[in-house]
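Listed below are the residues making up each chain.
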Amino acid sequence: MLDAPADITPAKMRNYAMGLLTGRDYSRAELATKLSKRFDQHSAIDEVLQRLADEGLQSDVRFAEAFVRSRILRGHGLTRIRQDIRQKGIADELVGQTLEEADVDWMTLAREVAQRKFGRRQAADQRETAKRMRFLQYRGFSYDQIKYALAGCLDESADEADFFD
């Protein structure tokens, strides 16, 4: 078993990395971590990663776009997405560019998330309002977005009440 590191080749590392990439996109940093754990910090890891990137099999841009898109569909806010994607090893410039290209109305998204979670009725008391605010804050929305989302429940409830009267 101790002789195992001697038979590690770049081809084996590449095959392992390609196997990972068939499941989903990975950032370069994530792949480097996985390869380092699997192949004991082998010196050819950077070479293998560069070759995968040159061939278009691994792309941080593609990963960032898919990651941001999936988090928006999950109902996550800007702050949470930024934090989560940074943990994946994506550069701040790429994060900013990808979020800008996503062209999302964060206020509307916050309102949709609040309505999906809590319905269109207004909070019964201050405790429930605080609960809703904490939920939206955890999801990564700013104070202004949360305020807008919760006020939207009130506005639409009032509109519905006027409509049915």
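Scroll up for the structure.
Residues numbered from 1 in each chain as written. Predicted model: local features only at pLDDT ≥ 70, side-chain atom pairs only at ≥ 80, totals over all residues. Heavy atoms only, no water.

Take helix 5 (residues 78–87) next. Where helix 5 is concerned, the buried positions are Arg80, Ile81, Asp84 and Ile85. Burial along helix 5 is one-sided: seen end-on, the buried residues are contained in an arc of 120°. Buried-residue contacts for helix 5 involve helix 4 (60–73), helix 6 (92–102), helix 7 (106–118) and helix 8 (126–138). The first or second residue beyond helix 5 is Gly89, which carries a positive phi of 90°. (Buried < 20%, exposed > 50% of the residue type's maximum accessible area, 1.4 Å probe, protein only. Helix = DSSP H or I, 4+ residues; strand = E, 2+ residues; numbered from the N terminus. Arc of directions from axis to C-beta. Contact = heavy atoms within 4.5 Å.)

Turning our eyes to something else, we now look at a positive patch on the surface. A cluster of like positive charges, contributed by Lys117, Arg127, Lys131 and Arg134, occupies part of the molecular surface. Counting residues per element, the positive patch draws most heavily on helix 8, at 3 residues. Residue class for Arg134 comes out exposed when judged on its relative accessible area of 52%. (Patch = residues over 30% accessible without salt bridge, like charges linked within 9 Å, V, L, I, M, F, W, Y side chains within 5 Å. Areas by Shrake-Rupley, 256 points an atom, 1.4 Å probe, with all protein chains shown as cover. Salt bridge = Lys/Arg side-chain N within 4 Å of Asp/Glu carboxyl O. Lys, Arg positive; Asp, Glu negative; His and termini not counted. Charge placed at Lys NZ, Arg CZ, Asp CG, Glu CD.)

So, about the pattern of salt bridges. One pass over the full model with this rule turns up 10 salt bridges. Arg24 is the salt-bridge partner of Glu30, the closest N and O atoms lying 3.4 Å from each other. Looking at Arg24, the relative accessible area reads 38%, which means it is partly exposed. Of the charged contacts, one joins Asp92 and Arg86 as a salt bridge, the two residues approaching to 2.8 Å between their closest N and O atoms. Here Asp92 falls in the partly exposed class, since its relative accessible area comes to 44%. One connected set of salt bridges, linked through shared partners, spans Arg14, Arg51 and Glu55.

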